[in-house]
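Residue-level listing of the chains:
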Amino acid sequence: MRGPVEVDTLGQTLMHEHVFVLSPEHVENYGRGTWWDEERRVADAIAKLRAVTAKGVTTIADPTVWGLGRYIPRIQRVAAEVPGLNIIVATGLYCFDEVPHQYTHRGPGLLLDMPDPMIDDFTRDITQGIADTGVKAAFLKCVVESKGLTEGVERICRAVARTHVRTGAPITVHTDAFTRSGLLALDLFAKEGVDLTKVVVGHAGDSNDLDYLMRMADTGATLGMDRFGLDLYNPTADRVATVAALHHRGYTDRMVLSHDTACFMDYFGPAWDDLPLVAPDWHFDHIHDNVLPALREKGVPDSALHQMLVVNPRNYFS
């Protein structure tokens, strides 16, 4: 958010966290004057991120793209008040099925027959900056969810893959562990010429199926063990056991850790403030407070924790 950072200085990195997840239309039509208070939420985000910085985290990768409410000026306000933290932002699209209407009629073989404009848009975010902010995206984001490679999802993923080939920017792909959609994503990326060592399979940690996880890691891809605290999908104890098992099988260099939480997420509207009642561990401190000690108890040494928190993110962005 504050300009170029040498990868060797990234330090401890949480590889999948959001500052804000918001729908601008939702906020403008139903949030203002009710549950959305800009100043309160910005101050709250600053406090939460200062707290995780105090734990030793020096970088977060924030894959909030179009579809999740990316708005760089708001994040700039937050970043300016958390000087010990790098916030790395992304470009791409968060869609489970169809492309946004703004791309539906523009592209190869469409009403306006032209090169896919998504590729140019994503490339501009990486090479020139996002809108007029001067902030450059450093990685790409797309989704292959339980519906699989629908026509729209496939088009977005190919646009992301081709932007990667053009720019070298790495990719994070949201996947659904229960339908094993990570394999679909990696197969598509491989066919598009993507360097799979530059791909994080997001939400791989929702699965405890070691065969599935190792199949993906064996391609060279990195497993996003990135929803710690979201016990609805997989309890912390099981996530810890899976990371430890993969470590002992030699996959330490292909895992990264995170929570996939946010300072505020409008999926829950005003109920966000009550979420700790049902998901008490889904916050930025959980890994350092609870997960790392649990991994040590499972025989995962500090050198391996350093690999997952520092070395693997550094290699991904190198």
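Please read all numbers here as calculations on a predicted model, not as lab measurements.

Section: the confidence of the model for the chain
Phase 1: When pLDDT is averaged along the chain, the result is 97; 100% of the residues meet or exceed 70.
Phase 2: Considering each helix and strand of the chain separately, the mean pLDDT is smallest for helix H1 (residues 24-31), with a value of 95, and largest for strand S11 (residues 255-257), with 99.

A closer look at the nonpolar core
Phase 1: Residues Val19, Phe20, Leu49, Ile87 and Phe189 are the most contacted members of the largest nonpolar core, which totals 107 residues.
Phase 2: The dominant element in this core, judged by the number of residues it contributes, is helix H11 (residues 302-317), at seven residues.
Phase 3: Among residues more than four places away in sequence, those in contact with Leu49 are Val19, Ile60, Val78, Val82, Leu85, Ile87, Cys263 and Phe284.

Remarks on the pattern of salt bridges
Phase 1: Taken as a whole, this structure holds 23 salt bridges when the rule is applied.
Phase 2: For the salt bridge of Arg180 with Asp209, the shortest nitrogen-to-oxygen distance reads 2.9 Å. Of the two residues, Arg180 sits in the loop between strand S8 (171-175) and helix H7 (181-191) while Asp209 sits in the loop between strand S9 (199-202) and helix H8 (210-217), which places them 29 residues apart along the sequence.
Phase 3: A relative accessible area of 31% means that Arg180 is categorised as partly exposed.
Phase 4: A relative accessible area of 31% places Asp209 in the partly exposed class.

Digging into the packing of helix H9 (residues 236-248) against helix H10 (residues 286-297)
Phase 1: At a minimum axis distance of 10 Å, the contact between H9 and H10 shows a crossing angle of 55°. When the axes of H9 and H10 are compared, the pair comes out oblique. For the element pair H9 and H10, the recorded crossing hand is right-handed. Residue-level inspection shows Thr236, Val240, Val243 and Ala244 of H9 in contact with H10, the latter providing His286, Val291, Ala294 and Leu295.

The rules behind the values
- Within each chain, residue numbers correspond to sequence positions counted from 1 in written order.
- Only residues with pLDDT of at least 70 are given local features in this predicted model, and only at 80 or more are side-chain atom pairs given and counted; all residues enter the totals for whole chains, interfaces and linings.
- Derived side-chain values reflect all non-hydrogen atoms in the structure, with water molecules and hydrogen atoms excluded from consideration.
- pLDDT measures the predictor's confidence residue by residue and takes values from 0 up to 100.
- Working definition: helices are DSSP H or I runs of at least four residues, strands are E runs of at least two. Numbering for both runs from the N terminus.
- Nonpolar cores are built from buried Ala, Val, Leu, Ile, Met, Phe, Trp, Tyr and Cys residues. Side-chain atoms within 4.5 Å join them into one set.
- Whether a residue is buried, partly exposed or exposed follows from its accessible area with a 1.4 Å probe, protein chains only, as a fraction of its type maximum: under 20%, in between, or over 50%, in that order.
- When checking whether two residues touch, look at their non-hydrogen atoms; a contact exists if any pair is within 4.5 Å.
- Each reported salt bridge corresponds to a side-chain nitrogen of Lys or Arg within 4 Å of a carboxyl oxygen of Asp or Glu.
- Helix axes are fitted to C-alpha atoms over the stretch in contact, other axes to C-alpha atoms as well, and angles between N-to-C directions run from 0 to 180 degrees.
- Angle categories: roughly parallel below 35 degrees, roughly antiparallel above 145, roughly perpendicular from 65 to 115, and oblique for all the rest.
- Helix crossings fall into two classes, left-handed where the near helix is turned counterclockwise from the far one by less than a right angle and right-handed where it is turned clockwise.

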